[in-house]
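# Architecture and fold: a report
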Amino acid sequence: MSTSNPVPVSLAEIARIAGVGRAAVSNWRRRHDSFPARIGGTDVSPQFSLSEVERWLRDNGKLTTAGGRDFLWPRFEALGSREESGLAIAEAARRMRAPRARGTASKLPAEARDLAGEAARLGRTEGPRETFEFLLQRWLDTHVRQLSTTPPQLAALMARIALDTRITDGEGGLTVFDPACGTGHLATAAVHAYDGPGLVLLGCEREPALAALASARLDFATEGRGVRTEIVTADALRADPFAGLRADIALCNPPFNERDWGYEELATDQRWTHGLPPRTEPELAWVQHLTAHLRPGGSAVIVLPPAVASRKAGRRIRGSLLRTGLLRAVVALPPGCAQPHSVSLQLWVLRAAPDGSLASPGAQDALLIDATRAAKPGTREQGPDWEALTTFVLSAVSQLDRPDRELPEDTVRVSLLDLLDDEVDVTPGRYTASGSEPTGVELTASWRELTDSLGELTELAAHLSKLGLTDSEPRTTATVGDLVKAGALTLHAGQQPSDAAPTGDFGTPLLTVPDLLMDGTPSRLLPPGAAQAVAEEGDVVVAGVVRAFRAWVHEGPPIALGPQLYALRVDRAMLDAHFLAGCLRAPANGRQAGTHASSSSRVDIRRLQVLQLPLHEQAAYAETFRRLTDFERLLKRADDLGKGLVDDVGDRLAAGGLATARNG
């Protein structure tokens, strides 16, 4: 690899390339005089020459899992411009698929064109699709604050809803339309959800780099299927390149809260059949843009912020959408489904009348679905349980055209008369709250579970309170780094996967720090054979970040570990895993090994202290650590149950539900 100017890389990037933690790289820098000298950055965030780092890693045998693409990405990042690097990745993808075809890369500087060619050559060696997906994911991760993408799980759900709710006319083929396609998440989901013939994918994106990446992504996704794809670079609202199009399904995750969306220049646009969208309601402009492009019986699903369902300025348009039968369902999602992650976003399901008229005979109600209960419980930073969320929403939406069927919990069918009041509020929680109260049987079961939990807590508290804790001088300790050198354990550092997208129902669960901040359940899968640190049953897993610091013994099938997670595999002749986990997770231990700069600061795993005891003495400590962990788990469960019962019983009492008062 040769470049005219050195390509800078950070310590974090070196750690990612080598498949180790950042602390290990810092240690190499301190211990090896031959480690490359800093070429830029600061003392806190130094930068090094990529070519020198690659040479040093190879010479010192530090490369175990890195491929050519790991060294390629920093060079794309060094291009500087988000648009330039994105266009270069798209050009590389085009050359991977058609190396002899003429392209239009004239807008790219020579350095970017050369890099695209080098990436294409590497892709043909290491796999074109895999190389493109790796570069695209790294590009998206780098610019995550400037770009709003649709998570693959949400995109898959939206595609399924649209396909399930459309009314077909018996003709083959499917035209999919996305007027704000970004890098093509929704269109890609439609490709995976539809396996029939005659698939046509049409999209629009105003940023050239995003449009180029979407086109490249769809080319890979549709390879060999004879799919027609067209992605146009344009502002869909101001200059609709698909005027007159009638699509079978439309999917959209539009930009939110944009004030400069074309209010003045589009005042007389023919798409506003339900009223001119107020300047403060650009989302309703996108809604009408979608409905204007639906064929009779076609279905659209759009992601919207919750305020669109209730803001006073949009009530006239909401009322018209309801009266004409276009707005068929609203789904309230749990927080964490998409950006902004702190907001409970909504899916609006719209469908054109089968006969092509504005009025939709028989569509005199709307299905309101509150899916917020699919959030992972028990933490402040809640997130979606995608499997439960998908199952629930698809089950509820399947009742759209079955007015006589019983609806799932937290789903109501609201009549047009009830919706068309002064507010025209279609927020699901407003109508489902009264129907979500627990039954008497459920309350009794919750009280019984709380009583059992409190009984176990009492027993554990009695045992733990009698521990013979001493105030003697502390015993000798050793660091994790010392134990690694002594061969008592091996340390495996998690890393950012090259392909972070879900891969279906097969693969190894990937655990990340955000998962730990929710409920500790892995939220995605890695494909079989992916190079990743894996925790086996009996390994001690440590989260090396201050805000999520913890350590536990992994039980169950193997799991892959993401960045800032570590697997410690003990030599059972020297260490008890539960003893080790108990020592490591001591709060004082984490504070001593952390940097304390912020809640996102890292914990240097190798500096964590472990009590030095013979194996036969570790057993008593291990058993006590287990009981302490059980006590913590029961305490949290009792707290959750108690708070839930206070809320549920309080609601029942406030509604006059005290039987003795009525009977008295």
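Small disclaimer: the values here were computed from a predicted structure and weren't measured. (Residues numbered from 1 in each chain as written. Predicted model: local features only at pLDDT ≥ 70, side-chain atom pairs only at ≥ 80, totals over all residues. Heavy atoms only, no water.)

### Concerning helix 5 (residues 82-97)
Over its 16 residues, helix 5 extends 23 Å from the first C-alpha to the last, a length consistent with the 22 Å expected when each residue adds 1.5 Å. Those residues of helix 5 not exposed but buried are Glu84, Ser85, Gly86, Ala88, Ile89, Ala90, Glu91, Ala92, Ala93 and Met96. Among the residues of helix 5, the N-terminal cap falls to Ser81, whose side-chain oxygen and the backbone nitrogen of Glu83 are separated by 3.3 Å. (Helix = DSSP H or I, 4+ residues; strand = E, 2+ residues; numbered from the N terminus. Expected span 1.5 Å × (residues − 1). Buried < 20%, exposed > 50% of the residue type's maximum accessible area, 1.4 Å probe, protein only. Polar contact = N/O pair within 3.5 Å; in protein donor to acceptor, adjacent residues only side chain to side chain.)

### Concerning the pattern of salt bridges
Across all of its chains, the model carries 28 salt bridges by this definition. Close ionic contact of Arg238 with Glu265 constitutes a salt bridge, the shortest N to O distance being 3.3 Å. In this pair, Arg238 is assigned in the loop between strand 6 (228-233) and strand 7 (247-252) and Glu265 in the loop between strand 7 and helix 11 (282-291), connecting sequence segments 27 residues apart. The closest approach of N and O atoms between Asp248 and Arg295, which form a salt bridge, is 3.4 Å. Pair noted here: Asp248 is in strand 7 and Arg295 is in strand 8 (residues 294-304), with a separation of 47 residues, a long-range link. By relative accessible area, which is 14% here, Arg295 ends up buried. When salt bridges with common partners are traced through the structure, they connect Asp235, Arg238, Asp260 and Glu265 into a single cluster. (Salt bridge = Lys/Arg side-chain N within 4 Å of Asp/Glu carboxyl O.)

### Notes on the packing of aromatic side chains
By convention here, two paired aromatic rings are described through the distance between centres and the angle between planes. Within the structure shown, the criterion is met by 8 aromatic pairs. Here Trp28 and Trp56 contribute two aromatic rings whose centre-to-centre distance is 5.8 Å and whose plane-to-plane angle is 40°, an arrangement assigned as tilted. Here the residue Trp28 occupies a position in helix 2 (residues 22-31), and Trp56 occupies one in helix 3 (residues 50-59), the gap between them amounting to 28 residues. For the pair Phe177 and Phe242, a centre-to-centre distance of 5.8 Å together with 75° between the ring planes defines the contact as edge-to-face. (Phe/Tyr/Trp six-rings, centres within 6.5 Å; stacked < 30°, edge-to-face > 60°.)

### Comments concerning the pairing of strand 2 (residues 38-41)
Along any regular strand, the residues point their side chains to alternate faces of the sheet. Summarising the sheet, strand 2 and strand 3 (residues 46-49) pair through 3 bridges and their orientation is antiparallel. Across the sheet, Gly41 pairs through a bridge with Pro46, a residue of strand 3. Connecting strand 2 to the next strand, strand 3, in antiparallel fashion are 4 residues. (Pairing = 2+ DSSP bridges.)

### Some points on the confidence of the model for the protein
The predicted model of the protein has a mean per-residue pLDDT of 85, with 89% of residues at 70 or higher. In this model residues 377-382 is a low-confidence stretch, pLDDT under 50, and it forms 14 contacts with partners more than four residues away in sequence or in other chains. (pLDDT = per-residue confidence, 0-100. Contact = heavy atoms within 4.5 Å.)

### Description of the nonpolar core
Core analysis: the biggest nonpolar cluster contains 48 residues, and Ile161, Leu251 and Leu347 have the highest contact counts within it. Considering each element in turn, this core owes the most residues, 8 residues, to helix 8 (residues 152-165). With residues near it in sequence (within four places) discarded, Ile161 still touches Val301, Leu347, Val349, Val393, Leu394 and Val397. By size, the runner-up hydrophobic cluster in this structure holds 45 residues, among which are Leu237, Ala300, Val308 and Ile317. (Core = buried A, V, L, I, M, F, W, Y, C linked by side-chain atoms within 4.5 Å.)

### Some details on the sheet that holds strand 2
Taken together, the 3 strands give an open sheet; going across it, the order is 1-3-2, and neighbouring strands pair in antiparallel fashion. Both edges of this open sheet fall to strand 1 (8-10) and strand 2, since each of them pairs with a single strand only. Strand after strand, the sheet turns through a mean of 45° between neighbouring axes, direction not considered. (Axes fitted to C-alpha atoms, helices over the stretch in contact; angles between N-to-C directions.)

### Topic: the state of the cysteines
Put plainly, a disulfide is one covalent bond tying together the sulfur atoms of two cysteines. Scanning the model with the defined rule gives 0 disulfides in all. Take Cys181: it sits in no disulfide, and the sulfur closest to it among the cysteines is that of Cys204, at 7.1 Å. (Disulfide = S-S within 2.5 Å.)

### Quick word on the side chain of Ser85
Looking at the secondary structure, you find Ser85 in helix 5. Residue Ser85 is classed as buried on the basis of its relative accessible area of 3%. Within the structure, Ser85 has its side chain in polar contact with the side chain of Trp139 (distance 3.0 Å). Beyond its immediate sequence surroundings of up to four residues, Ser85 is in contact with Phe76, Leu79, Trp139 and His143.

### Quick word on unusual backbone geometry
Across the junction of Gln339 and Pro340, the peptide omega takes the value -5°, indicating a cis bond. Non-glycine residue Val424 carries a positive phi angle of around 50°. As for its placement among the helices and strands, Val424 is situated in the loop between helix 14 (416-419) and helix 15 (428-432).

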